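Notes for the structure review
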Amino acid sequence: MKSAAIAPGDVTRYGLGLAAPLALVFAVFFIAPLAQLFYLSLHNDAVATVWGLGQYVKFLTDPFSLSVLGATLLLGAEVTLLCLVLGYPIAWLHQRAGHWLQTVIILIVLLPLLTSVVVRTFAWIVILGRQGIINSTLQSLGLISTPLRMLYTQGGLVVALAQVQMPLMVLPLITAIGRIDTNLADASASLGAGHWRTFFRVILPLSMPGIIAGCTLTYAAAITAFITQSLVGGGQMLFMPMYLYQQASTLQNWPFAAAISIIFLVAVLAIVALFSTLGRRARINGDAT
Amino acid sequence: MMIDRRRLLTSALTLGAMHAFPGLSYADARPLVFATFTGSWEEAHKAVLVPAFRKASGDAPVVLDPMLSVDQIAKVNAAKSNPPIDVMLHDPGPALVAIGQDLVEPFPVENSAYYKDLIPEAQDPNGPAPFFQVVGLTYNPDTVKTPPTSWADLWNPDYKGRVGITNLNSTLGTGWLVEVARMHGGSEANVDAGFKALEALKPNLAAVAANPGALATLYQQGQIDISPGNFNAIQILKARGVPVEFVAPKEGAIAFKTTIHIVKNSPNKELAFKLIEAALSPEVQTTLTEPPYLIVPTNAKVAMTGEIAKVLAKDTDELKKKFVFQDWKTINQQRASWIEKFNRDIKI
């Protein structure tokens, strides 16, 4: 493994040159607007004439704004956890399955990506609604007398987001788990480890890169999923994307909206950094044992 | 910049040519850009307003560029001296913002053939209103057997867990809150009574939708059975076979002006004026009152027929009696703090 890591050193040099067009696009269409956003956020008044850190102070000293940020980060954590718990077995099954079944699993995982997020989200409205599939099934079975409220609740939103973002979790997991040599599990078993021990000491640490990548993608997608959040979560559950939209669009308070975006960005970057640190530590621990 | 012979010659030639053929500089100019709204607005304008404008302007090129009010304001703001849009369309809130930011050219009232025919509420020298949007009560006739007659019916305990509203991001949500406040002694300047009433509405609330579009679709799922709703949004659902009816409450249906504005520094002011004239004309407005558009006219000479006459008003006099107009200048002053209060307090 070590030698493989050093050898591609030469290749990256060419890679950088080839990445130049993309880097340019990135600089012009991402870095520059981001700088502009930051510049805008450093103004105290809505028409951006007075310089100052007022918008940041306003956000960071307002318990309500902080609670919106907290709720958004928590929502992301819930969705990511649910995706991981549901997605890992699928990825694991994919590695163990025969060729035909593997194709089916990949197809099922990819299928949602072929429909737009709006369509997937609307499907959840149909499923969770008062006369939706779940409520009418439960009612016809006589399990409930009045419909449960699932649409426009946190639980409903987490489930819908988890389904919508599931491919982002499962695909990296499939790649990572697929790379694990199946002989390792046999080796572990022959050395006397049980199924659980083998899983926790061998398979799980080796699949950590996939878990980290999947969690990062799912997390970022879940907390920024404006469409799903507003359609399944409704107008009274406020998360950062809607808060931002409200300030920018309805209230025309662009500097505050810009400050919200920057704070949101920093918070998300911090979480992503935390993920990768945890991942690295887990890998180091895995190597050490 | 280096000035050499060749460059000098081209510049001189260009300047001379532009002088000799003034039409040449217009060849570079872009077509008239009309920023309408997306969805049914765009459809209606493409099918009715644009052909009428072409006829009136001798086939002048026009482009529809549908976008939200906020985007219109942003785009014009970003290039005030050479705006990429010539005609803007706005709800009452954003219209005041655009006027406040000096993005709007006064409408040449004295040149207009139709301005004087508009009902007084639709006349505004900063940009007249060619259409009204009307908000009233919407209900599912399959489940709500007695048609509601008042906003107060939303508080009826029979509708526990079946009422839908939108948050205050939308004109609809904000306007409705003002009406509720008014019912309880409040006004555009003070909606505390409205918030108190919202508190009492909580047991009935099944949904606080993120926007009016999302609210309307909840009828399809049976998630809600009664709500405030936009007349035109409901007509679209009704046409698709969704069981939904619109009724003007006895307190009066809320009418929002949709105003149309010439953008300041527009290079196409003449054409912009012609487009607005077409929008105010009785011909265009009459066509737009017919299905599938059913847009409420502002020109007093337009006869109201069909569904509009049935559920809203037969003529301008009745319209004025049955519609409530709100003072958005006052509303805009406090809207930010209302939205903040709504964010904090309304959790179901």
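All residue numbers refer to position in the chain's written sequence, counted from 1. Chains and ligands are labelled sequentially in the order written, the chains with letters from A and the ligands with numbers from 1. Reporting of local features is limited, given that this is a predicted model, to residues whose pLDDT is at least 70; pairs of side-chain atoms are given and counted only at 80 or more, and all residues count toward the totals for whole chains, interfaces and linings. Note that water and hydrogens are dropped before the side-chain values are worked out from all heavy atoms of the structure.

Considerations on the interface of chain A and chain B
Rule in force here: We call two residues contacting when some pair of their heavy atoms lies within 4.5 Å. By buried area we mean the combined loss of accessible area, with a 1.4 Å probe, across both parts when two parts are placed together. Salt bridge, as applied in this entry: a Lys or Arg side-chain nitrogen positioned within 4 Å of an Asp or Glu carboxyl oxygen. Whenever a nitrogen or oxygen atom comes within 3.5 Å of another N or O atom, the pair is scored as a polar contact, on the condition that within protein one atom can donate a hydrogen and the other can accept it, and that pairs from neighbouring residues in sequence are kept only if both atoms are in side chains. Elements are defined by DSSP. Helices are runs of H or I of four residues or more, strands are runs of E of two residues or more, and each kind is numbered from the N terminus. Amino acids outside the nonpolar list (Ala, Val, Leu, Ile, Met, Phe, Trp, Tyr, Cys, Pro) and the charged list (Asp, Glu, Lys, Arg) are all regarded as polar, and Gly is one of them.
Taken together, the 27 residues of chain A in the interface contact 30 residues of chain B. For the pairing of chain A and chain B, the buried interface totals around 2,500 Å² over both sides, and the portion due to carbon and sulfur atoms is 57%. The interface formed by chain A and chain B holds two salt bridges in total. Two residues, A:Arg130 and B:Asp225, come together in a salt bridge whose shortest N-O distance is 3.9 Å. Run the count over chain A and chain B and you get five residue pairs in polar contact (both at pLDDT 80 or more). Of all elements in the fold, only α6 (117–128), α12 (226–233) and α13 (240–250) of chain A reach the threshold of two or more residues within the side of chain A that touches chain B. Here the side of chain A that touches chain B gets seven residues from one element, more than from any other, and that element is α13(A). Taken together, the residues of the side of chain A that touches chain B sort by class into 14 nonpolar, 10 polar and three charged.

Structural notes on the domain arrangement of chain B
Residues and elements named next belong to chain B. Note the cut-off: The split into domains, and so the bounds of each, comes from an automatic or database assignment of domains.
Domain boundaries in chain B define domain 1 (12–131 + 257–301) and domain 2 (133–255 + 327–345). Between the C-alpha centres of domain 1 and domain 2 the distance comes to 31 Å. Listed by partner, the interface residues are 14 residues for domain 1 and 11 residues for domain 2. Across the interface of domain 1 and domain 2, roughly 970 Å² is buried in total on both sides, 58% from carbon and sulfur atoms. Joining domain 1 to domain 2, the criterion identifies zero salt bridges. At the surface where domain 1 touches domain 2, the tally comes to six residue pairs in polar contact (both at pLDDT 80 or more).

Observations regarding the pairing of strand β7 (residues 205–209) of chain B
All names here are of chain B. Using the following cut-off: To sort residues, take the accessible area from a 1.4 Å probe on protein chains only and compare it with the maximum for the residue type: under 20% means buried, over 50% means exposed, and anything in between is partly exposed. For two strands to be treated as a pair, DSSP must find no fewer than two bridges joining them.
For β7, a buried count of five out of five residues is recorded, marking the element as mostly surrounded by other parts of the structure. As paired strands, strand β6 (residues 163–166) and β7 are joined by four bridges and run parallel to one another. Each bridged residue has a counterpart across the sheet, and for glycine 164 the counterpart in β7 is alanine 207.

A closer look at the side chain of A:Asn253
Tracing the sequence through the fold places A:Asn253 in the loop between α13 and α14 (254–288). For A:Asn253, a relative accessible area of 14% gives the class buried.

So, the pairing of strand β3 (residues 87–90) of chain B
Residue and element names in this part refer to chain B. Side chains Val87 and Leu89 of β3 all project onto a buried face; the interleaved residues Met88 and His90 project onto the opposite face, where all are buried too. Where β3 meets strand β10 (residues 253–263), four bridges bridge the pair, whose relative direction is antiparallel. By the bridge assignment, histidine 90 is partnered in β10 with threonine 259.

Some words on the nonpolar core
Looking at soluble globular proteins, one finds that nonpolar side chains tend to be buried together. So the rule is basically this: Nonpolar cores are built from buried Ala, Val, Leu, Ile, Met, Phe, Trp, Tyr and Cys residues. Side-chain atoms within 4.5 Å join them into one set.
Of all hydrophobic cores here, the largest spans 126 residues; its most connected members are A:Tyr243, B:Phe132, B:Val134, B:Leu218, B:Phe231, B:Leu312 and B:Phe323. A per-element tally of this core places helix α8 (residues 154–179) of chain A first, with 11 residues. Each of domain 1 (12–131 + 257–301) and domain 2 (133–255 + 327–345) of chain B gives at least three residues to this core. Setting aside residues up to four positions removed in sequence, B:Val134 forms contacts with B:Gly229, B:Asn230, B:Phe231, B:Phe246, B:Ala253, B:Ile254, B:Val296, B:Leu312 and B:Phe323. Grouped together as the second largest cluster of nonpolar side chains are 33 residues, B:Leu172, B:Ile254, B:Phe256 and B:Ile339 included.

Some words on the pattern of salt bridges
Residue and element names in this part refer to chain B. Tallying each qualifying case throughout the model produces 18 salt bridges over all chains. When the shortest N-O distance is used, the salt bridge between lysine 238 and glutamate 245 registers 3.3 Å. Its relative accessible area of 25% is what places glutamate 245 among the partly exposed residues. Measuring nitrogen to oxygen at the nearest pair gives 3.7 Å for the salt bridge that ties lysine 310 to glutamate 307. Of the two residues, lysine 310 and glutamate 307 are both situated in helix α12 (residues 306–311); the distance of three residues between them amounts to about one turn of the helix. By relative accessible area, which is 63% here, lysine 310 ends up exposed. Taken together, the salt bridges that share partners define one network made up of Lys238, Glu245, Glu307 and Lys310.

Section: the packing of helix α9 (residues 182–190) of chain A against helix α10 (residues 195–206) of chain A
All names here are of chain A. Rule in force here: Axis lines are fitted to C-alpha atoms, over the contacting stretch for helices. Their N-to-C directions set the angle, which ranges from 0 to 180 degrees. Angle categories: roughly parallel below 35 degrees, roughly antiparallel above 145, roughly perpendicular from 65 to 115, and oblique for all the rest. With the far helix as reference, a near helix turned anticlockwise by less than a right angle produces a left-handed crossing, and one turned clockwise produces a right-handed crossing.
Taken N-terminus to C-terminus, the directions of α9 and α10 make an angle of 155°; their axes are 10 Å apart at the nearest point. The angle between α9 and α10 places the two elements in the roughly antiparallel class. In this structure, α9 meets α10 at a crossing whose hand is right-handed. Contacts between α9 and α10 involve Leu184, Ala185, Ser188 and Ala189 from the first element and Thr198, Val202, Ile203 and Leu206 from the second. Here the residues of the contact of α9 with α10 are counted per class, giving six nonpolar, two polar and no charged.

A look at the packing of aromatic side chains
Rules: Between rings of Phe, Tyr and Trp, where Trp is taken as its six-membered ring, a pair exists when centres lie within 6.5 Å; planes separated by under 30 degrees are stacked, by over 60 edge-to-face, and by other angles tilted.
Inspection of the entire model under this criterion finds 20 aromatic pairs over all chains. Relative to B:Phe325, the ring of B:Phe132 has its centre 5.4 Å away and its plane inclined at 55°; by these criteria the two rings are tilted. Highlighted residues: B:Phe132 in strand β5 (residues 131–139) and B:Phe325 in strand β12 (residues 323–325), separated in sequence by 193 residues. Under the relative-accessibility criterion, B:Phe132 is labelled buried at 1%. Classification of B:Phe325 by relative accessible area gives partly exposed; the value is 23%. An aromatic cluster of at least three residues, connected via ring pairs, comprises A:Phe59, A:Phe64, A:Tyr243 and A:Phe256.

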